[in-house]
Amino acid sequence: MESNVYHIMSLSSILLLKPRRIHEDLQNTFEPANIDALMDQFQRAFAVGKYGKTLDNDLFKRLKSIVKDVYDGNITRLSAQCCLYPMASEASLIDSKMILSVARL
């Protein structure tokens, strides 16, 4: 099944791009340089990969602590949201999206 994933996804017009993991049928259609250029363009457009910003380590630790407190029953989900929303208002756009995603769980 895994060897046919690229073919199955292509039925839905989905092109799966993974570095050095292109099916040999697609390698005959797309030259490696074109695949690399296409992946670079997508990474730049969506600010991921080498163009992406990593999550601030301190922010990640604070998020993890809040989620653990909710999981352990030390605080309610509402209390957690009250902690998370102010954090989101002070964070960068990408970090605030991450914080709000956690707050909505």
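Residues numbered from 1 in each chain as written. Predicted model: local features only at pLDDT ≥ 70, side-chain atom pairs only at ≥ 80, totals over all residues. Heavy atoms only, no water.

(A) Up close: helix H6 (residues 93-103). Listed in full, the buried residues belonging to H6 are Asp-95, Ser-96, Ile-99, Val-102 and Ala-103. Buried residues of H6, seen end-on, are gathered within an arc of 120° and therefore sit on one face of the element. Those residues of H6 that are exposed and aimed more than 90 degrees away from the buried face are Leu-93 and Lys-97. (Buried < 20%, exposed > 50% of the residue type's maximum accessible area, 1.4 Å probe, protein only. Helix = DSSP H or I, 4+ residues; strand = E, 2+ residues; numbered from the N terminus. Arc of directions from axis to C-beta.)

(B) Structural detail: the nonpolar core. Grouped together as the largest cluster of nonpolar side chains are 10 residues: Leu-59, Leu-63, Ile-66, Ala-80, Leu-84, Met-87, Ala-88, Ile-99, Val-102 and Ala-103. The set of elements that each furnish at least two residues to this core consists of helix H4 (57-72), helix H5 (77-90) and H6. The biggest single contributor to this core is H5, with 4 residues. Ignoring sequence-local partners within four residues, the contact set of Leu-59 consists of Met-87, Asp-95 and Ile-99. (Core = buried A, V, L, I, M, F, W, Y, C linked by side-chain atoms within 4.5 Å. Contact = heavy atoms within 4.5 Å.)

(C) Quick look at the layout of surface pockets. Considering only enclosed or pocket space, the largest pocket measures out at about 150 Å³ in volume. Taken together, Ile-66, Val-67, Val-70, Tyr-71, Arg-77, Ala-80, Gln-81, Leu-84, Val-102, Ala-103 and Leu-105 make up the full set of residues lining the largest pocket. Elements with a minimum of two residues in the lining of the largest pocket: H4, H5 and H6. Of the residues in the lining of the largest pocket, the class split is 9 nonpolar, 1 polar and 1 charged. (1 Å grid on protein atoms, 1.4 Å probe; cavity = no way out; pocket = protein on both sides within 12 Å on 5 of 7 lines; lining within 4 Å. Points joined across faces, edges and corners; volume = space filled by probe spheres on them. Nonpolar A, V, L, I, M, F, W, Y, C, P; charged D, E, K, R; others polar.)

(D) Broad picture of a nonpolar patch on the surface. On the surface, a cluster of nonpolar side chains totalling about 310 Å² of accessible area is made up of Phe-42, Phe-46 and Val-48. Positionally, Val-48 belongs in the loop between helix H3 (32-45) and H4. The exposure class of Val-48 is partly exposed, given its relative accessible area of 40%. (Patch = residues over 30% accessible without salt bridge, like charges linked within 9 Å, V, L, I, M, F, W, Y side chains within 5 Å. Areas by Shrake-Rupley, 256 points an atom, 1.4 Å probe, with all protein chains shown as cover. Salt bridge = Lys/Arg side-chain N within 4 Å of Asp/Glu carboxyl O.)

Keep in mind that these numbers describe shape and distance, not what the molecule does.
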